[in-house]
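# Residue-level structural notes
Now for the letters of each chain:
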Amino acid sequence: MTQCPSFRAVLLLLLAAGLLSSCSGSQAPSETAAQQTTSAAPAPQAQSGPAAKEELGTGDAVELAADYEKQCAAETTPSEDCEILRSLLVVEVTTELRETEKSRDQRGTQEALAALDLVDEPEIVAAACRVLLQFPGTPGIAEKVLPLMLKSRYAEVQSMSANLLSRIEGSELAQVGNIWFQNHGRLPNDTPYTEYPDFPAHYAKLGFPKYPGAQWFSPADSDRSVGWSTKDSVANVSRWFSDTLRSPALTGAQWAAERQAAATPIVDQSKMARMQQLMERAVKGDQAAVAEAQKLSEEFDKQGKAWERSFENSVDKLLTNQSLGLPDAQYIVAQRKDGRVSRLVFVYPLPAIKQTVIQLVWDLTDYPAAWGPAPETNQ
Amino acid sequence: MKRVALSVALLLVWLAPKLESTAIACLSRNPCKQPPCELFYELKIMKAMARLWSLPVLRNEQDSNRVTAKITKLSKKYAKCPANYFYQPPPIFTLGPGSKCDIVYPPGTSSLDQVLASTNTCAEFVHGRFKEIEQARLFCLSNSDLRGPLPEGLFRMQMRLTIQTYTEFLESELGRFLSSCAPSATTSRRVTAAGLQALRKASYKKRMEWADRLVKEVAQ
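In short, a report on the structure. (Residues numbered from 1 in each chain as written. Chains lettered and ligands numbered in written order. Predicted model: local features only at pLDDT ≥ 70, side-chain atom pairs only at ≥ 80, totals over all residues. Heavy atoms only, no water.)

Quick look at the overall build of chain B now. Counting its secondary structure elements, chain B contains eight helices and two strands. The linear arrangement of helices and strands in chain B, starting from the amino end, is α-α-α-β-β-α-α-α-α-α. Sorting the 220 residues of chain B into buried and exposed places 49% on the buried side. For chain B, restricting intrachain contacts to residue pairs at least 6 apart in sequence, the fraction spanning at least 24 positions comes to 73%. When the accessible surface of chain B is summed, it comes to about 11300 Å², and 58% of that surface belongs to carbon and sulfur atoms. (Helix = DSSP H or I, 4+ residues; strand = E, 2+ residues; numbered from the N terminus. Buried < 20%, exposed > 50% of the residue type's maximum accessible area, 1.4 Å probe, protein only. Contact = heavy atoms within 4.5 Å. Areas by Shrake-Rupley, 256 points an atom, 1.4 Å probe, with all protein chains shown as cover.)

A word on the overall build of chain A. Looking only at helices and strands, chain A features 15 helices and six strands. The 379 residues of chain A split such that 50% are buried. For chain A, contacts bridging at least 24 residues in sequence account for 65% of all contacts bridging at least 6.

All names here are of chain A. Counted by the stated rule, this structure contains 17 aromatic pairs over all chains. When the centroid spacing of 5.5 Å and the interplanar angle of 15° are considered together, the rings of Phe199 and Trp228 count as stacked. Remark: Trp228 occurs in strand E2 (residues 225-230) and Phe199 occurs in the loop between helix H9 (174-183) and helix H10 (203-206); sequence separation between them is 29 residues. Its relative accessible area of 11% is what places Trp228 among the buried residues. Both rings, one in Trp307 and one in Phe311, keep their centres 5.4 Å apart while their planes meet at 10°; by these two values the pair is stacked. Taken together, the residues Trp307 and Phe311, both in helix H14 (residues 287-313) and four residues apart, mark about one turn of the helix. (Phe/Tyr/Trp six-rings, centres within 6.5 Å; stacked < 30°, edge-to-face > 60°.)

Most often, soluble globular proteins have nonpolar side chains that are buried together. If you look at the biggest cluster of nonpolar residues, it comprises 133 residues, and the most contacted ones within it are Leu116, Ile124, Trp255, Leu344, Phe346, Tyr348 and Ile358 of chain A. Top element by residues in this core is helix H2 (residues 37-54) of chain B. It accounts for 12 residues. Listed in part, the 14 residues of the second largest apolar core include Phe93, Leu95, Ile133 and Ala136 of chain B. (Core = buried A, V, L, I, M, F, W, Y, C linked by side-chain atoms within 4.5 Å.)

As a further point, take the pairing of E2 of chain A. All names here are of chain A. A large share of E2 lies buried, amounting to six of its six residues. A two-sided burial pattern is seen for E2, the buried positions comprising Ser225, Gly227 and Ser229 on one face and Val226, Trp228 and Thr230 on the other. Two elements, strand E1 (residues 215-216) and E2, share two bridges in a ladder whose sense is antiparallel. In the sheet register, Gln215 faces E2, and the bridge partner there is Ser229. Both E2 and strand E6 (residues 355-362) contribute to a ladder of six bridges, which runs antiparallel. Across the sheet, residue Trp228 finds its bridge partner in E6, namely Ile358. (Pairing = 2+ DSSP bridges.)

Of all 11 residues making up helix H7 (residues 141-151) of chain A, eight are buried, and the element is well covered by its neighbours. Listed in full, the buried residues belonging to H7 of chain A are Ile141, Ala142, Val145, Leu146, Pro147, Leu148, Met149 and Leu150 of chain A.

With that settled, the discussion passes to helix H13 (residues 269-283) of chain A. End to end, H13 of chain A covers 21 Å across 15 residues, agreeing with the expected 21 Å (1.5 Å per residue, within 8%). Gly285 of chain A, located one to two residues past H13 of chain A, shows a positive phi value of around 95°. (Expected span 1.5 Å × (residues − 1).)

What follows is about the sheet that holds E1 of chain A. Taken in spatial order, the six strands line up as E1-E2-E6-E5-E4-E3 (chain A) in an open sheet, and their pairing is antiparallel. Bordering the open sheet on either side are E1 and strand E3 (249-250) of chain A, each of which pairs with just one other strand.

Per the stated rule, a full pass over the model turns up 35 salt bridges over all chains. Between Glu121 of chain A and Arg51 of chain B there is a salt bridge, with the nearest N and O atoms lying 2.9 Å from each other. Highlighted residues: Glu121 of chain A in the loop between helix H5 (109-115) and helix H6 (122-133) and Arg51 of chain B in helix H2, drawn from two different chains. The partner of Glu171 of chain B in a salt bridge is Lys47 of chain B, and the shortest N-O contact between them spans 2.6 Å. In this pair, Glu171 of chain B is assigned in helix H6 (residues 152-180) and Lys47 of chain B in helix H2, connecting sequence segments 124 residues apart. Within the structure, one salt-bridge network assembled from shared partners comprises Glu80 and Asp81 of chain A together with Asp63, Arg66 and Lys70 of chain B. (Salt bridge = Lys/Arg side-chain N within 4 Å of Asp/Glu carboxyl O.)

Geometry only, nothing functional implied.
See the structure below:
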């Protein structure tokens, strides 16, 4: 029994050591999360050691919202602390909208519609659009998302708005959303905060005439075009461009007839006949014919690829799908080069918004792309 | 007999911290088991950092350190986490000096496995942090011909990309939980409404001017 006191002491020491060991260096994950951001720098600074353990609080997002409103509502310019609180709150609201989306609870459309008013918070607007995409028949969507698609400074907001607009069944505005989508396949969109690109630097050098009073119209922008709109009629607009450029305004049928050749790879008929002869000889075991046929085949392949590259860069590529739904469109060729339409003015009506659209299009073989990685060129 | 039992108990107490010194998978195989709140907290604070790096608020390493300290301090209160003594911080990976951009492991370790074996934290954090530093290494290598500190635009892009790598990794890990378990919208709606109200009231003049213009255009 005399050993008991010392045994207890050892036990207590061991227990204390165990507890200390399990707690030492403990730190909230978030603390280092934030500290860690600097560690990703190419030339990292010395990192501070682990801070003493600080317990996380039990406050929630509602408390955060209340504190943010209390501290920041009166500010006219954002302080750093308020910008930080706002960031935390934006993440909370975005997360909750995502939860609402997953729940598929239609009542959530009420908050989602309200969230569309926060036009300068692209993460929130995009999350709200995702909720509404589940219920595109919700009244009031079109009125809210149309201006966002036309004017938002954020590419993600324009994209989500166009997506939502295009899904509204029975709405004439769906066509405007579809047009935006057809034109923006190559739009860079790295983060929700990526701003919609400005006019391309070389736009002025393209030399398109400026239609009086026309306003920038983002749905008709693309990697090879800039969009404008006006309240004037298609007839008046196309006549103005035709006179200014001294080039006839073509109807859809006339344009299709002209471009039919460009839309089909040119095949040398004499070479095709030669190929047929060679194949017949090759079947009979003529090795010389096999070699020549192989060479000819490679030549066809090379020509085909060159045609594909040329088509990828062309105005035809952009207009192929789009012009199908626009029977009243007019086409004015502004410039031709080496058999290509190098610059084109594409004019069409959009009755849903009572506007005439002017899409100024160029061939990427002749001019740089407005945005995004340019497709391969022939040069 | 009592002494043997006591010795075993002592041994267990002694071993316990050592056994815990290993990163554990915080996400259960059961997709509907609620992950630890720290996982969500970590994700949210990093997403807030990503937002700040997307705005012209932060520009350089000094801004980063200052705002990092502030966000850590400000956000703790709203973590909605009960006290927890198990977690250690995610490890700190860094890049070595020079153009080689080598990954420097936390002190006492020289591989990812060793870091996982020696850190009391969610294994998801360790893997995420490692992916983040790998992304930073790629960025470093692609800019290794630059001398001196990175220009502001590149520095901001680097921070965005690396943080995004980390948050996307955590989100993908959480994906099974998030997609499998349909939540109730009631709480989400309440929080969304409160958040929207606060954000609207504290929208700054410049922001509101733009919004007002849009509203007028719609009315026309």
